[in-house]
Amino acid sequence: MNTTVSLRETILELKNQLNAVILAHYYQIPEIQDIADFIGDSLALSQKASEVENDVIVFCGVHFMAETAKILNPSKLVLLPDLQAGCSLADSAPAVDFAAFKARYPDHVVVTYINSTADVKMLSDVICTSGNAVQIVESFPRDQKIIFAPDRNLGSWINKVTGREMVLWNGACHVHDLLTTEAILKMRLNNPDAKVIAHPECNDAVLQVADYIGSTNGMIQYVKSDSHMLYIVASETGIIHQMQKEAPLKKFLVVPANETCSCNDCPYMKLNTLEKLYNCMVQQVPRIELADDVVARASRPIQRMLEISRSAGLV
Ligand code: 13P
Ligand code: SF4
């Protein structure tokens, strides 16, 4: 029997023994996506994590996602296969610096992207994801002044879509921000029929050439329902696995991060492996642990996001 198959079976047995549920993000390696009980974008994963009744949540994603699961469902044991699975965007907003920035705008509310630490969430009025950012921002009156953090690309895209002038924190995701229009135009030369779809963490120049902009789940739903057959995808390589499953006859080309490969991998997302998933379930570490007051304060803006998303029919 091949080792991946037996490892997969062992993980599934272990899952039953622990009464665990495995949640995974679309950027995980295909083997992890295929073993997960639930795959989703940050919004769907947050909603799902808040509803879990199992004793253990094994979160195959990055740290801020597992941390959000713990905040939303603190009585559960939350495991993350590799504790080093961070996020360059969350790292771009250290809480101390962000608190000083916020103090300069006392009459602004703070809308924070979920790709942030619990400490930054505690300084926020409401959290958003790429799947609900426009609706969250639009839930405020038009004259309400807003700080948006930490992603300047997502923030400036929302400013454009809503006509607002939110003050933006200058952070970015190094995986999306590095993608270029030159790379896309080169691909289009060889694939003139291709449509371009992009995650809103991409820079403005890339978003300007996109036919569709949306969250990971938004992009998957788009290619499923759209009549085109060929897509240039400005996002992370892992998303292709579900796109190909949902639309098996269509072709997807990832915008490469550089000239040396045809992929664009998030090094943090790709730290999780089937072996590490197995090990974390056997040893029940690394686990996400948070002080009660952090859970209490960080959960308020996340719950507010879920409430707005429910009223907008997004979860
Ligand atoms: P989604 O919420 O769209 O899945 O995005 C998460 C993320 O980290 C994108 O880089
Ligand atoms: Fe963070 Fe970017 Fe990786 Fe998403 S792709 S987890 S934003 S570093």
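Residues numbered from 1 in each chain as written. Chains lettered and ligands numbered in written order. Predicted model: local features only at pLDDT ≥ 70, side-chain atom pairs only at ≥ 80, totals over all residues. Heavy atoms only, no water.

*Asks:* Any chance you could explain the overall build of the chain here in plain terms?
*Replies:* Check the secondary structure of the chain and you find 16 helices and 12 strands. On C-alpha atoms alone, the chain measures out to a radius of gyration of 19 Å, which is about the 20 Å that the 2.2 N^0.38 rule sets for 315 residues. Sorting the 315 residues of the chain into buried and exposed places 55% on the buried side. By element, 51% of the accessible surface of the chain is carried by carbon and sulfur atoms, the whole surface being about 13300 Å². (Helix = DSSP H or I, 4+ residues; strand = E, 2+ residues; numbered from the N terminus. Rg over C-alpha atoms; globule rule 2.2 N^0.38 Å. Buried < 20%, exposed > 50% of the residue type's maximum accessible area, 1.4 Å probe, protein only. Areas by Shrake-Rupley, 256 points an atom, 1.4 Å probe, with all protein chains shown as cover.)

*Asks:* Could you clarify how one ought to interpret unusual backbone geometry in this entry?
*Replies:* In this model, A149 is joined to P150 through a cis peptide bond whose omega is -10 degrees. With respect to the helices and strands, P150 occurs in the loop between β7 (146-149) and α9 (152-162). In this chain, V285 is followed by P286 through a cis amide linkage whose omega measures -5 degrees. Relative to the elements of secondary structure, P286 occurs in the loop between α15 (274-283) and α16 (292-311). We note that N19 has phi near 50 degrees; this positive angle belongs to a residue other than glycine. Position of N19 among the secondary structure elements: in the loop between α1 (3-18) and β1 (20-25). One non-glycine residue, Q284, lies in positive phi territory at about 55 degrees. Within the secondary structure, Q284 sits in the loop between α15 and α16.

*Asks:* Is there a simple way to explain empty space enclosed by the protein in this structure?
*Replies:* Unfilled space is identified by rolling a water-sized probe across the atoms. Following the criterion strictly, the structure yields 2 cavities of 30 Å³ or more and no others. Of the pockets and cavities examined, the largest cavity occupies roughly 230 Å³. Lining the largest cavity are 24 residues, with Y27, N115, H176, E201 and M269 positioned closest to its centre. Of all the secondary-structure elements, those providing two or more residues to the lining of the largest cavity are α4 (63-72), α5 (88-91) and α10 (174-177). The greatest single-element share of the lining of the largest cavity, amounting to 3 residues, is contributed by α10. The class makeup of the residues in the lining of the largest cavity is 12 nonpolar, 10 polar and 2 charged. (1 Å grid on protein atoms, 1.4 Å probe; cavity = no way out; pocket = protein on both sides within 12 Å on 5 of 7 lines; lining within 4 Å. Points joined across faces, edges and corners; volume = space filled by probe spheres on them. Nonpolar A, V, L, I, M, F, W, Y, C, P; charged D, E, K, R; others polar.)

*Asks:* When you look at the site of ligand 1 in this model, what are you seeing that I'm missing?
*Replies:* Around ligand 1 lies a shell formed by H25, Y27, D41, S42, N115, S130, H176, H199, E201, S215 and T216. The separation between an oxygen atom of ligand 1 and a polar side-chain atom of S42 is 2.7 Å. S130 places a side-chain nitrogen or oxygen 2.7 Å from an oxygen atom of ligand 1. For ligand 1, whose unbound accessible area comes to 310 Å², protein coverage reaches 96%. When each cavity is represented as a set of grid points, ligand 1 is found to reside in the largest cavity. Of the residues belonging to the shell around ligand 1, the class tally is 1 nonpolar, 8 polar and 2 charged. (Near = heavy atom within 4 Å. Polar contact = N/O pair within 3.5 Å; in protein donor to acceptor, adjacent residues only side chain to side chain. Sits in = over half its atoms within 2 Å of the grid points.)

*Asks:* What is the right way to look at the sheet that holds β1 in this model?
*Replies:* The strands making up a sheet are joined through hydrogen bonds of the backbone, oriented either antiparallel or parallel. With parallel pairing, 4 strands are arranged side by side in an open sheet as β2-β1-β3-β4. Bordering the open sheet on either side are β2 (38-40) and β4 (77-79), each of which pairs with just one other strand. Between one strand and the next, the sheet's axes are offset by a mean angle of 20 degrees, whatever the strand orientation. Sheet topology places β1 next to β2; 3 bridges connect them, and they run parallel. Directly across from A24, in β2, lies its bridge partner I39. (Pairing = 2+ DSSP bridges. Axes fitted to C-alpha atoms, helices over the stretch in contact; angles between N-to-C directions.)

*Asks:* Any chance you could explain the site of ligand 2 here in plain terms?
*Replies:* Near ligand 2, the surroundings consist of Y27, V62, C87, S88, N115, C173, V175, H176, E201, C266, Y268 and M269. With respect to the pocket detection grid, ligand 2 is positioned in the largest cavity.

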